[in-house]
Amino acid sequence: MVEIDRRTLMKLGAATAIFGPAYIRNAYAAETIPIAGIHDASGGIDIYGRPMINCLALAVEEINAAGGVLGRKLDLVNYDPQSNMQLYTQYATEAATKQKAAVVFGGILSASREAMRPTLKRFRTLYFYSLLYEGGVCDRNIFCMGSTPAQTLEKFTPFVMKHFNGKKIYTLAADYNYGQITAKWIKKFATENGGDVVATDFFPLDVSDFGPTIRKIQAAKPDIIMSVLVGAAHNSFYRQWVAAGMKDKIPMASTTFGIGNEQVLTSPQEHNGIIVSYAYFDGIDTPENKAFLARYYKRFGEKADGLTEGAAMTYHAVNLWAKAATMAGSVDREKVTAALETGLSFTGPAGKTTIDAATHHDTLDVYIAEVRDGKYKVLQSYAQQPPADTAAFCNLKAHPNDNKQYVIDVKI
Amino acid sequence: MDHIVIILLQLAVTIANLALICAGLAIIFGMMRVINFAHGEFLMLGGYAAIVSSRAGVNLWLAMFVVAPTVVGAIGIVLERLVIRHLYGRMIDTMLATWGISLALIGLVTVIFGNTVSGISPPLGSLAVGQYAIGLYELFLVAVVIGLYGGGWLVLRRTSFGLLARGTMQNRVMAAALGVDPGRVYSITFAIGAAVTGLAGALISPITGVVPTIGAAYIAKAFITVISGGTAIIAGALAASTLLGSINTLFSFAFSPVLGEVALLAAAVLLLRLLPQGITGRFFRRSL
C-alpha cells in the first residue's frame, strides 16, 4: 500500500489545480474549431461593427446547433479593436498565434483590413472581409465578400438616370480613396449611358458646411445629385439641402447613404425618396431573407441593430467557409481555399453569392432601393453581378503569389 | 446680380458659423488661457441638450436658447470646480486634462444615447434669390451672432462683472489684493464660456445633426480662429472669423471645397507667421 502523507497530497492537489485545467482545455480544444471575429464593438465606428458581430454569432450558433463543421463545434472568440487600427494588428496576431484560429472574420474600414491582411497572411490564417469597399484587393489569403463600385454602379447609374429622367449628374464625394474611385466609376457609367457628370466636388471627412456647394449646385442646375458622402459630418449635407429648399427640386441617389445608419440619423423629410444601391437590404422580399430576419430579431430582440450589407455578408462568409471546410474534409487553410476556389456558392439573406476563384471576390445579387421613413423599399434587383473592376487587374489563378491592393484606374 | 447677392449671403453665413463655434472658446481660451480640448464636446452636449429636450416636448426655441446653455453651463461649473481650477496658469496641463474630459464625455454620451440620435430639421424654410435659395435659419444665425457678440461686448465693457473679469484675468494677485475673489470670477467666467458654447452647439445642431463624435469636426477650426484672432476676445474672434470664413467661402466657390479648407489653414499659418500675436496683437490693440 502506498503511503500518501498530507504534504504529498497537497502537492498533488496543487499540481492538479495548476495543470488540470490546461489539460482539460487542450482536450476540449482538440474537439472544437477555434475561429475569430475582429470587429469594432466600441468606439467611433461601432455602428458598423455591431450588426456584423450579431450576424457572426448567429451564423456560428446555427452551424453549431446543426452539429458543427466536420462533427466539431465552432469556438468563436470575438475581439474588439475599439475603432483603433493598432489593436487590429495586435488582435489579428493574437487570433493567429495564440488562439490558432482556423479562420478570421473581420475588418470594417479599408484601413483596418489593410492592417490585418499582411499579418494574417504571414501567420497563414485564412481571412474573410465582408464590407463593401473600393475594390482592387488581390491576395490569395483573403476573401472579399462585399460589393465593389463596379458591381453596384454599372446598373445603378443608368437606373438612376432613367428613374429620375435626367442626364446631368452632379457628384459629391468624400475625399478619400473610396469616394475618389467611386466618383470615377459614376462618371464612366454616366458617360457610357449618354449622360454627363457636370461637376464632382470632394469633401474632407470633417467638412460640415455645405453652403458654397449648394449654391454651386443651384447655379449648375443638374438633373440628379449623386452622393458618395461618408460619416457624421457629411450628414449635414442632407439637412442643409432640405433647409435650402432643394429637396423637391433635384432628386438624389447615393452609394453610401445608409451604411452609417444615415436613414436613422436624418428625418423622413430629409431622406424620403433618396435612391441607393447595395448587395443587401432588409427589405429584400425572398423566403431566405424573411426567415433570416425572423431568426435575427428573435435572437437579438426587436431593438437589435438594423442589418446592413456588411452584416448580411458576414453571415454568408461564415456559411461559405463552413461549406468549404465540409467539402475539403479539413479546416486546413490550403484545403479550404482550394474548396472555395471551386466556385462554391451560398444562398442566404442576400441571395446567391458565388466565390470567384480568380479574384477571391464574389459574384452577387445587387439591389436598388428607395429610402422611405427610415426603411428601404426595393425597386429593382440584378442577379449575379461579377466583380469586374478587380477582375481587370487581379488573376490569382495565374498569379497566386500576388499580394497587394491595386488602385483601379478607371478609363473613361 | 443674383450670384453676387447669394455669395454675399453665403459669406455672412460662413462667417457667422465660425464666429458661433469659437465664441465660447474665445472666452475660455482667449480670455482665461485654458486650452479647452473639450470645446467640441461642449458644442456636442449643447446639441444633445436641445434635441433631447425638444423631443421631450419643450418648445424648440426654448430648448435652444434656454435649456442648452443652462445644461452645458452647469456642466461647465462642475468641471471647473473639480478639475480646471487646480490648473490655472498651467496651459499644457489644462490641455491634457480637458483632452481627458473630452474623451470621457464622448464615451459617456455614447453609452447614454448610442451612436444614433437623429437631429431636428431646421425651422423657418428658405429664401429664394433668383435661381438660388438659402435657408432662412442660416440667415437667422447671422442675426444671433451679431446679438451674441454685441451682448458680450456690453457685458465686458459696461458691467461691473465684465470689469472684474477682465481685471482678474489680467492680474489675479492684484485683483485679489483689491478684494475680488478670483476663484469665483474664474468659475463664473468659465461657466459663461461653457454656456455660450452650449448655445452655439444647440443653434448649429439643426443644420449639422449631432452624434457623440461631432466635436472633432469643430475643434480645430475653433482653435485656429481664436488663435488667429489674438488677445482681444471679441474683436479678435470676429476679425479672424471674417478673414478665414471669407477665404474659405471664396475658395470653395472658385475652386473646390477641399481647396477651401486648405486655403483656410494656409491663411492661418501665414497669418501667424506674419502676426505671431494674432490679428489683434497688431491691429485693434486697445479693443476688447
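Reading the values: the criteria
Residues numbered from 1 in each chain as written. Chains lettered and ligands numbered in written order. Predicted model: local features only at pLDDT ≥ 70, side-chain atom pairs only at ≥ 80, totals over all residues. Heavy atoms only, no water. Helix = DSSP H or I, 4+ residues; strand = E, 2+ residues; numbered from the N terminus. Expected span 1.5 Å × (residues − 1). Buried < 20%, exposed > 50% of the residue type's maximum accessible area, 1.4 Å probe, protein only. Domains from an automatic or database assignment. Buried area = accessible area lost by both parts, 1.4 Å probe. Salt bridge = Lys/Arg side-chain N within 4 Å of Asp/Glu carboxyl O. Polar contact = N/O pair within 3.5 Å; in protein donor to acceptor, adjacent residues only side chain to side chain. Nonpolar A, V, L, I, M, F, W, Y, C, P; charged D, E, K, R; others polar. Pairing = 2+ DSSP bridges. Axes fitted to C-alpha atoms, helices over the stretch in contact; angles between N-to-C directions. Contact = heavy atoms within 4.5 Å.

## So, helix α2 (residues 39–55) of chain B
Residue and element names in this part refer to chain B.
- Between its first and last C-alpha atoms α2 spans 24 Å; for 17 residues at 1.5 Å apiece the expected length is 24 Å, and the two agree.
- Across the 17 residues that make up α2, a large majority, 15, are buried.
- Following α2 by one or two positions, glycine 57 has its phi on the positive side, about 115°.

## Considering the domain arrangement of chain A
All names here are of chain A.
- When cut into domains, chain A gives domain 1 (6–147 + 284–365 + 384–405) and domain 2 (149–278).
- The gap between the C-alpha centroids of domain 1 and domain 2 is 32 Å.
- Carbon and sulfur atoms supply 59% of the area that domain 1 and domain 2 bury against each other, a total of about 1,500 Å² over both sides.
- Area buried by domain 1 at its contact with domain 2 is led by Glu134, Gln385 and Asp389, which between them contribute 35% of it.
- For the pair domain 1 and domain 2, the interface holds zero salt bridges.
- Counting across the interface, domain 1 meets domain 2 through four residue pairs in polar contact (both at pLDDT 80 or more).
- Looking at the side of domain 1 that touches domain 2, the elements with two or more residues in it are α2 (46–65) and β14 (361–372).
- Top contributing element to the side of domain 1 that touches domain 2 by residue count: β14, with three residues.
- Across the side of domain 1 that touches domain 2, the residue classes tally to seven nonpolar, five polar and four charged.

## Some details on the sheet that holds strand β2 (residues 74–79) of chain A
All names here are of chain A.
- Read from one edge of the open sheet, five strands run β2-β1-β3-β4-β6, paired in parallel fashion. With one partner strand each, in any of the chains shown, β2 and β6 (142–144) form the two edges of the open sheet. Direction aside, the axes of adjacent strands within the sheet are offset by 20° on average.
- Where helix α13 (residues 333–340) meets the sheet, it contacts β4 (126–129) and β6, and its direction lies at approximately 45° from that of β4.

## So, the interface of chain A and chain B
- Opposite the 36 residues of chain A that make contact, chain B presents 36 residues.
- For the pair chain A and chain B, the two sides together bury roughly 2,800 Å², of which 56% comes from carbon and sulfur.
- When residues of chain A are sorted by the area they lose upon contact with chain B, Arg215, Arg239 and Leu265 of chain A head the list and together hold 22% of the total.
- Inspection of the chain A/chain B interface yields one salt bridge.
- Residue glutamate 138 of chain B is joined to arginine 215 of chain A by a salt bridge in which the shortest nitrogen-to-oxygen separation is 3.9 Å.
- In this assembly, chain A and chain B are joined by five residue pairs in polar contact (both at pLDDT 80 or more).
- The leading source of residues in the side of chain A that touches chain B is helix α7 (residues 211–220) of chain A, at seven residues.
- In terms of residue class, the side of chain A that touches chain B is built from 13 nonpolar, 13 polar and ten charged.

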